[in-house]
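A look at the structure
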Amino acid sequence: MVNQQYKNTFSMDSYQEKISLLQEMIAFALIDGELHDREYDFLEMVAMELEIEKEVFHQLFKNRGEVTVIKDEFHRICQFYRLALLMHCDGVLHEAEQIKINEIGINMGLNPYAMKRVLNLMKNSPNRMVEGDVLLAVFTEQHN
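Criteria and thresholds
- Residues numbered from 1 in each chain as written.
- Predicted model: local features only at pLDDT ≥ 70, side-chain atom pairs only at ≥ 80, totals over all residues.
- Heavy atoms only, no water.
- Buried < 20%, exposed > 50% of the residue type's maximum accessible area, 1.4 Å probe, protein only.
- Helix = DSSP H or I, 4+ residues; strand = E, 2+ residues; numbered from the N terminus.
- Arc of directions from axis to C-beta.
- Contact = heavy atoms within 4.5 Å.
- Axes fitted to C-alpha atoms, helices over the stretch in contact; angles between N-to-C directions.
- Parallel < 35°, antiparallel > 145°, perpendicular 65-115°, else oblique.
- Nonpolar A, V, L, I, M, F, W, Y, C, P; charged D, E, K, R; others polar.
- Expected span 1.5 Å × (residues − 1).
- Phe/Tyr/Trp six-rings, centres within 6.5 Å; stacked < 30°, edge-to-face > 60°.

Turning to helix 7 (residues 132-140), a few remarks are in order. Every buried residue of helix 7 is accounted for by Gly-132, Leu-135, Val-138 and Phe-139. One side of helix 7 holds all its buried residues, which, seen down the axis, span an arc of 130 degrees. Turning to helix 7, the residues buried within the fold contact helix 4 (73-89) and helix 6 (112-124).

So, in structure tokens, the structure goes:
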């Protein structure tokens with residue numbers, strides 16, 4: 001499910017940023033009240049890409065700490081996209097997920113219009129994915 005071209009986007013600056021990223025994703029996955037198998041599998045795959053030990057990964061479901069703000073815009077865009085992929089994992093789009101992803105994106109300082117465009121592109125894509133260059137173009141065109 002994770003496109004190979006995004007492998008480099010999973011490299012974060014610090015271990016705490018990786019943990020924070022997973023905490024945010026776990027909280028987002030649980031927004032509809034349950035964790036679907038496909039959501040868990042996706043989260044586990046992200047944890048492996050981030051080189052987070054399985055024991056630590058499982059502990060994150062029990063201990064919900066503070067989420068660290070991602071400073072770099074590129075990594076914020078990547079995190080937004082990972083959350084959007086997670087949102088589509090179970091094949092059901094809950095209203096609470098849509099509200100929460102917009103709230104998270106705005107709190108990250110992302111452009112609401114660009115977020116809406118990306119979510120629409122994903123919704124209309126047969127595999128619910130957007131190419132990396134398209135994803136970045138949508139966000140960078142808002143800078144002009």
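Another aspect to go through is the packing of helix 1 (residues 15-29) against helix 2 (residues 37-49). Axis separation between helix 1 and helix 2 bottoms out at 11 Å; the angle between their running directions is 175 degrees. When the interaxial angle is binned, helix 1 and helix 2 end up roughly antiparallel. Across from Leu-21, Leu-22, Met-25, Ile-26 and Ala-29 in helix 1, the residues of helix 2 making contact are Glu-39, Phe-42, Leu-43, Val-46 and Ala-47. Per-class residue counts for the contact of helix 1 with helix 2 are 9 nonpolar, no polar and 1 charged.

Our next topic: helix 5 (residues 95-107). For helix 5, spanning 13 residues, the distance from its first C-alpha to its last is 18 Å, which sits close to the expected 18 Å at 1.5 Å a residue. Along helix 5, the residues that are buried comprise Glu-97, Ile-101, Ile-104 and Gly-105. Buried residues of helix 5, viewed axially, fall in a sector of 95 degrees; they line one side. Exposed and facing more than 90 degrees away from the buried side of helix 5 are Glu-95, Ile-99 and Asn-107. The inward-facing, buried residues of helix 5 abut helix 1, helix 2, helix 4 and helix 6. Note on helix 5: the residue one or two positions beyond its end, Gly-109, has a positive phi of about 85 degrees.

Aromatic ring pairs are defined here through the distance separating the ring centres and the angle between the ring planes. Tallied over the entire structure, the rule returns 4 aromatic pairs. Centre to centre, the rings of Tyr-40 and Phe-57 are 5.6 Å apart; their planes meet at 50 degrees, and the pair counts as tilted. Of the two residues, Tyr-40 is situated in helix 2 and Phe-57 in helix 3 (residues 54-60); the sequence distance between them amounts to 17 residues. For Phe-57, a relative accessible area of 1% translates into the label buried. Seen from their ring centres, Tyr-40 and Phe-61 are 6.1 Å apart, and the 35 degrees between their planes marks the pair as tilted. Residue Tyr-40 is found in helix 2, and its partner Phe-61 is found in the loop between helix 3 and helix 4; the two are separated by 21 residues along the sequence.

What is shown is where atoms sit, not what they do.
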